[in-house]
Amino acid sequence: VPDEKKAMAGAMRSQQECDQAELEEWMELLHRTPAMDADAILRNAPDRLKADKGFVLAVVERCGLALSFADTSMLSDHDVVLAAVRQDCNAIACAADACCSDKQVMLAAVRSNGHALRFAPGHLRSDKELVVEAVRQSGHAFQFVEKSLLSDTDFLLTVVQTCGNLLQQASDKIRVNRRRASKTPSVWTATIQGAALRQQATNTDSWTATNCWDI
């Protein structure tokens, strides 16, 4: 029995050494590969390495979209998804729902591309901090805002004051239907126009609310 245990222990050590050697070989290959082609490394890696957090992290830090080739267990790993999204916001499309519900992950995504807000669940589409960050990056992101925010005058004022020019650029695609936008369209109108007037007083490049909104 002792001899059998020694043999098993030796076999385990041998396998671990082989696994480590294989990992080092793939890591070396990764470092020699241009970042734009790093996704091919994960795509062609052994299944064991596609589920190895350290290896997957190293890959997605160079090419976020490589996340699509990772083991499914990695798609819900906070650290892996966050690293991938920080490298390429489009990686959020590969992430599991649990990570799309993670505010830190979604903040990283929308700060790079406001359109990433479309992947956020409802409770984050109504998160004021997240929405403002998304709209600040792209006025077009406003179309993904949870409808409940459209009747929040304080929020609308903040958006207009901080992101007014971006909203103007996006005006052709962002048209708010009065019947759906708010139960109190007069409040909506007053908020938008009031904020525009405040901006006009301090910013010569300010935008005109009536040119940007169907109100």
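Parameters and conventions
Residues numbered from 1 in each chain as written. Predicted model: local features only at pLDDT ≥ 70, side-chain atom pairs only at ≥ 80, totals over all residues. Heavy atoms only, no water. Helix = DSSP H or I, 4+ residues; strand = E, 2+ residues; numbered from the N terminus. Buried < 20%, exposed > 50% of the residue type's maximum accessible area, 1.4 Å probe, protein only. Contact = heavy atoms within 4.5 Å. Areas by Shrake-Rupley, 256 points an atom, 1.4 Å probe, with all protein chains shown as cover. Core = buried A, V, L, I, M, F, W, Y, C linked by side-chain atoms within 4.5 Å. Disulfide = S-S within 2.5 Å. Polar contact = N/O pair within 3.5 Å; in protein donor to acceptor, adjacent residues only side chain to side chain. Lys, Arg positive; Asp, Glu negative; His and termini not counted. Salt bridge = Lys/Arg side-chain N within 4 Å of Asp/Glu carboxyl O.

Student: Looking at this model, I keep getting lost on the overall build of the chain. Mind explaining?
Tutor: Helix and strand content of the chain: 13 helices and zero strands. Counting from the amino terminus, helix and strand elements in the chain follow one another as α-α-α-α-α-α-α-α-α-α-α-α-α. Within the chain, buried positions represent 41% of all 215 residues. For the chain, contacts bridging at least 24 residues in sequence account for 51% of all contacts bridging at least 6. On the chain, roughly 11,600 Å² of surface is accessible, and the fraction owed to carbon and sulfur atoms is 48%.

Student: Please clarify how the nonpolar core should be interpreted in this entry.
Tutor: Where a protein is soluble and globular, its nonpolar side chains tend to be buried together. With 56 residues, the main nonpolar core has Phe-55, Leu-67, Val-85, Ile-92, Leu-117, Phe-142 and Phe-155 as its most contacted residues. Mapped by element, the contributors of at least two residues to this core are α1 (2-32), α2 (38-44), α4 (53-60), α5 (78-87), α6 (97-100), α7 (103-112), α9 (128-137) and α10 (153-169).

Student: When you look at the state of the cysteines in this model, what are you seeing that I'm missing?
Tutor: Disulfide: a covalent bond formed between the sulfur atoms of two cysteine residues. A full pass over the atoms with the stated rule returns zero disulfides. Looking at Cys-94, it has no disulfide partner, and the nearest cysteine sulfur is the one in Cys-100, 9.6 Å off. Under the relative-accessibility criterion, Cys-94 is labelled partly exposed at 21%. The buried category is assigned to Cys-100, whose relative accessible area is 7%.

Student: Mind showing me how you'd approach α7 here?
Tutor: Every α-helical turn comprises 3.6 residues, leaving residues that sit three or four positions apart pointing alike. Along α7, the residues that are buried comprise Val-105, Met-106, Leu-107, Ala-108, Ala-109 and Val-110. Against α5, α6, α8 (122-125) and α9 lie the buried residues of α7. Regarding α7, its N-cap is Asp-102, as a side-chain oxygen of that residue lies 2.9 Å from the backbone nitrogen of Gln-104 further along.

Student: Would you mind showing me how to read the side chain of Asp-88 here?
Tutor: For Asp-88, the position within the fold is in the loop between α5 and α6. For the buried Asp-88, which has no salt bridge, the nearest side chain bearing the opposite charge is Arg-118, at an N-O separation of 9.9 Å. Apart from residues lying up to four places away in sequence, Asp-88 is in contact with Gly-64 and Leu-65.

Note that all results are geometric; they support no functional claim without further evidence.
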